[in-house]
Each structure stands twice: as structure tokens, then as C-alpha cells.
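Below, each chain spelled out in residue letters.
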Amino acid sequence: MAGRIVGRGAVLGLGLGLGAVWWWAVVRLAVLPDAGALEGAVVAGGWGLSLLPVHCVAKARAVGAVGEGRWRAAWRGGGGAGGG
């Protein structure tokens, strides 16, 4: 139990730290004329990470997920939704 709490605290601290670094880079890019490639890379990298899907569910538990072999059967024309 205590290990789980410590682990979550460490992850939260890491997230807050990375967020602070990202905002530092954004402010430097917006305010200082000498901000360069390092700040731009941090901002672009943080923005790119925000595009990742973080709410993932196992395929077996996902509502509406395509079952195993369904696409294979459709491509071969052996039945399925659009197979002819």
C-alpha cells in the first residue's frame, strides 16, 4: 500500500516537473528574443506528447472493438461486414 502511494507521488512529481519545464520554455519563446532551438524543441516535444492517446483500454474490454480475424476475413472475402 505504501509503495503504491510513493509510486504515485513520484509520478505526480515528475509530471509537475516536466510541466514546469515546458511552461518555462513557452515563456522564454514568447518573451525573450534570444530563445532558441532548445526551448523550441521542449515546446514541440511537449505538444507532441499531448497528442498521444492516454485513455487506452485493452481490446477485449473495449466497446465496439473489432474482433480477432474479422478484418482478415473481410479482406479475403470470406464473409464479414463487407466481404463479397
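Residues numbered from 1 in each chain as written. Predicted model: local features only at pLDDT ≥ 70, side-chain atom pairs only at ≥ 80, totals over all residues. Heavy atoms only, no water.

Student: Describe in detail the pattern of salt bridges, supporting the description with residues and values.
Tutor: This model, assessed by the stated rule, comprises 1 salt bridge. Note that glutamate 39 and arginine 28 form a salt bridge whose closest N and O atoms lie 2.6 Å from each other. Taken as a pair, glutamate 39 in helix H2 (residues 37-49) and arginine 28 in helix H1 (residues 2-31) lie far apart in primary sequence, 11 residues in all. (Salt bridge = Lys/Arg side-chain N within 4 Å of Asp/Glu carboxyl O. Helix = DSSP H or I, 4+ residues; strand = E, 2+ residues; numbered from the N terminus.)

Student: Outline the environment of glycine 19, listing residues and values.
Tutor: Here glycine 19 is to be found in helix H1. Sequence-wise, glycine 19 and glycine 46 are 27 residues apart; in three dimensions their C-alpha atoms are separated by 8.4 Å.

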